[in-house]
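# Coordinates in review
One letter stands for each residue in the lines below.
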Amino acid sequence: MCIRDRVREEALERELIRKKSKKLVTAELEPPFKLGEDLCMQLHNINLKIALTKSSYTQAIAVHDCEVVCLLKSRVLKGRLLTWEDYMEKVKGTSSWVTILWAALEIYLGSIKGFANFPQYANIREPAVRRFMKTYITTSLKRLPPNSPDEFVLHTLQSTVEFCIKIAAHDFMFGELLVLFMERGFESQYLETIEHYLLADAFKSIAVSREIVYKQVNYYVKEGRPETLERVLLFLNLKGQDLEHLASVCIANKMHSALIYIKTFGDDYREYVVPAECMMKELRARSKEESKDTAWFNPVASNTYNYLGYKLLWYIQLCFKGEKFPYHENGNRIDASVWPHVIYSILKWLFQDSTPVTNEVIDTNRYAKIKSESNIQTLLKVDARVVFQVIGTLFQIPELKDFIANPKSYSNSPLQIHYTELLKKLAVSAQEVDSPVTHAQYYFNLLLAQVAAQPGEQMEPALCISTAKSLLSYQLHDTNQHELSEYVHEELIKDMLKNCKALTNSQLNILIKEASKFPYIEVLVYLEETKKNYGRCFEIYLHDRRKATKVFSWLKSMWNGKGEEEMQRLIYENVERMVELSVEKAVCIVDIWFGGKHNEVVSRLSSNPKTQLEYVTVLLNNKEEFLVRKVFC
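Chains are numbered independently. Their residues run from 1 in the order of the written sequence. Note on the predicted model: pLDDT of at least 70 is required for a residue's local features to be given, and 80 or more for side-chain atom pairs to be given and counted; whole-chain, interface and lining totals, by contrast, use all residues. Heavy atoms from the whole structure form the basis of all side-chain values; hydrogens and water molecules are not counted.

For the protein chain, the count of helices and strands is 32 helices and 4 strands. Should any heavy atoms of two residues lie within 4.5 Å, those residues are considered in contact. Pairs at least 24 residues apart make up 62% of the contacts formed inside the protein chain by residues separated by at least 6 positions. The method behind every accessible area is Shrake-Rupley, applied with a 1.4 Å probe, and residues are considered shielded solely by the protein chains displayed. Within the structure as shown, the protein chain displays about 34,700 Å² of accessible surface, and the carbon and sulfur contribution to it stands at 51%. Where helices and strands are cited, they refer to DSSP runs of H or I of at least four residues and of E of at least two residues respectively, numbered from the N terminus.

As structure tokens, then:
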């Protein structure tokens, strides 16, 4: 033994003694690879029998490069520590290829530690293990017989794809592996296997190559499976893709959801109109009669008249709200600088004539009726209520309203439109398609009232009168065409009238005459109050069964000296009716309007002793509480 080796051995022995004396354990093997129970897979050429028989509770291990020294009770064992490459070569011949790949995956993830010269940092370890796994997968798959059972092939494909995703070898999966499976006749099975991972959103964060997408698209088109292709495209990262080619495939196969995703992926506002045009063309190619027996919400009937109409309205609302499809957790919105232009483009398109242009022979009689029909008129025939609800979005959200209230601040293009011009165009469209079926005029008036009822808005008196008359006279129906007893637009009409400050006396009389025909009590009271007919307001409330109790709150709000003598006379004459409604509230009103002088009121109730007794009882209880508070508090 040379001097250098002897010095090294003595140094190692001193190091082991030093560590033992300090009871230090370095590079201790972790379960399930604890020496003495399970032979550590990283160790090589260790006499297991001696290690087991001579082990103690104070084992210590020292590692230097590929060498490992185990300190036992009476002796020292020396062995060689395997590298992860050595270990993989060792187990290749004894385990299945899936087991080997799982072991390599654990090494890749850093779950198995203790190998010689094992890199702790992922940026060093992962590329090396990834190269090994890619080589081993390729070698193993080349041995796969072409006539293998379907179950075995499916299991192999699923395992392969899963391993590639785990080690982020997407280029390898979509490149070399796809070519390999195509050569061996497993292309369709491989593409279908990838489909499941696409639908699980496994590839949303990576850019798949154009060539792979072409093959995927061509496969599903050839197989006649546009529904599956559409779902795959919705989960595809479109970055770097040929969007024009994908859009043409979507249009040809009527994949409108995927077309929306593709055309709204960028920031060109002109592209946002294309999905609407395609859906409108398809909508007009069908008649409403074709879908009478098919529910619009039936997912199988995805191209029926009603389904297409509602889907188009849903897309328009997305554009108005500045949202993209599909929506993600981190948000997927239209760029703020493009958003106003998108809205102006959609609004301009709505009032355009979109009669279908096609090279096919069409029934001229069928399209003669819609030749001059604008897009919004077609949609109004689908569901006028939903159309005006979608348009109403522009007036409900402050930011959107600013786009159409101050369009010059956002765009100098001819696409811009002011909301007054928008309302005029809507009025014309609603009038042209109004019928007992569409009720377009009523729903437009409802939108107009909602706009006019907003704070700061003012409506022309003539338009205000016509809108109010329309809403007052219209009787709502439920889905079974039964009349609804509640008049839900009362507060809306009232708020609209409050914003119309220029109503003359004659115009108020017209509205009062119209409102008197219907039980819109709040509206009628407001109109009479505007004319300062306070006595008439009192009578309207008191003689209405539904809202008679509101007379108390109205009387409280009116106490400021207005018509005091007349109101006192009316209260005195009708006090019995008021006591019947609520004796406590009646006592409170007498306190306010008569200064607490209840003698005359009590005398007035003498014709009805029971009512008089109730009134006096409440009065005495109130006075007793007052005296107690005054004396003791």
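What follows concerns the packing of aromatic side chains. Each aromatic pair joins two rings of Phe, Tyr and Trp (for Trp, the six-membered one) with centres within 6.5 Å, and gets the label stacked for planes under 30 degrees apart, edge-to-face for over 60, and tilted for any other angle. Tallying each qualifying case throughout the model produces 10 aromatic pairs. Judged by centre distance (5.0 Å) and plane angle (65°), the rings of W102 and F163 are edge-to-face. Note that W102 is positioned in helix α4 (residues 97-109) and F163 in helix α6 (residues 150-166), a separation of 61 residues in sequence. A 1.4 Å probe rolled over the protein chains alone gives each residue an accessible area, and that area as a share of the maximum for its type sets the label: buried under 20%, exposed over 50%, partly exposed in between. In this structure W102 comes out as partly exposed when scored by relative accessible area, which is 40%. Both rings, one in W339 and one in F403, keep their centres 5.2 Å apart while their planes meet at 85°; by these two values the pair is edge-to-face. Taken together, the positions of W339 in helix α16 (residues 339-350) and F403 in helix α19 (residues 398-405) put the pair 64 residues apart, joining distant regions of the chain. Judged by its relative accessible area of 7%, W339 is buried. Counting as a charge over the ring demands two things of the Lys NZ or Arg CZ atom: a distance within 6 Å of the ring centre and an angle within 35 degrees of the ring normal. Residue placement shows R333 over the ring face of W339; its charged tip is 5.3 Å from the ring centre.

pLDDT measures how confident the predictor is about each residue, on a scale from 0 to 100. The share of residues in the protein chain with pLDDT of 70 or more is 75%, and the mean pLDDT across the chain is 76. Across residues 355-370, where pLDDT falls below 50, the model places 17 contacts with residues more than four positions away in sequence or in other chains. Per-residue pLDDT stays below 50 along residues 477-486; that stretch engages in 10 contacts with residues further than four places along the chain or on separate chains.

Throughout, an axis means a line fitted to C-alpha atoms (over the contacting stretch in the case of helices), and angles, computed between N-to-C directions, take values from 0 to 180 degrees. The contact between helix α24 (residues 505-515) and helix α25 (residues 521-530) brings their axes to 9 Å, and the two run at 155°. Looking at the two axes, α24 sits roughly antiparallel to α25. α24 and α25 meet at a crossing whose hand is left-handed. Where α24 approaches α25, its residues L508, L511, I512 and A515 are matched on the opposing element by V523, L524, L527, E528 and T530. Tallied by class, the residues present in the contact of α24 with α25 amount to 7 nonpolar, 1 polar and 1 charged. Roughly parallel means an angle under 35 degrees; roughly antiparallel means over 145; roughly perpendicular covers 65 to 115; every other angle is labelled oblique. Note on convention: near helix rotated counterclockwise from far helix by under a right angle means a left-handed crossing. Clockwise means right-handed. Polar here means any residue other than Ala, Val, Leu, Ile, Met, Phe, Trp, Tyr, Cys and Pro, which are nonpolar, and Asp, Glu, Lys and Arg, which are charged; Gly is therefore polar.

The N-to-C vectors of helix α23 (residues 490-499) and α25 enclose an angle of 20°; their axes lie 8 Å apart at closest approach. Considering the angle they form, α23 stands roughly parallel to α25. Along this stretch, α23 crosses α25, giving a crossing that reads as right-handed. Between α23 and α25, the residues in contact are E490, E491, I493, K494, L497 and K498 and I521, E522, V523, Y526 and L527, respectively. Looking at side-chain class alone, the contact of α23 with α25 contains 6 nonpolar, no polar and 5 charged residues.

Below, the discussion takes up helix α8 (residues 176-183). Among the residues of α8, L177, L178, L180 and F181 are the ones counted as buried. The arc enclosing the buried residues of α8, seen along the axis, measures out at 160°, which places them on a common side. G185 lies just past α8 and shows a positive phi near 80°. Here the arc refers to the set of directions running from the helix axis out to each C-beta atom.

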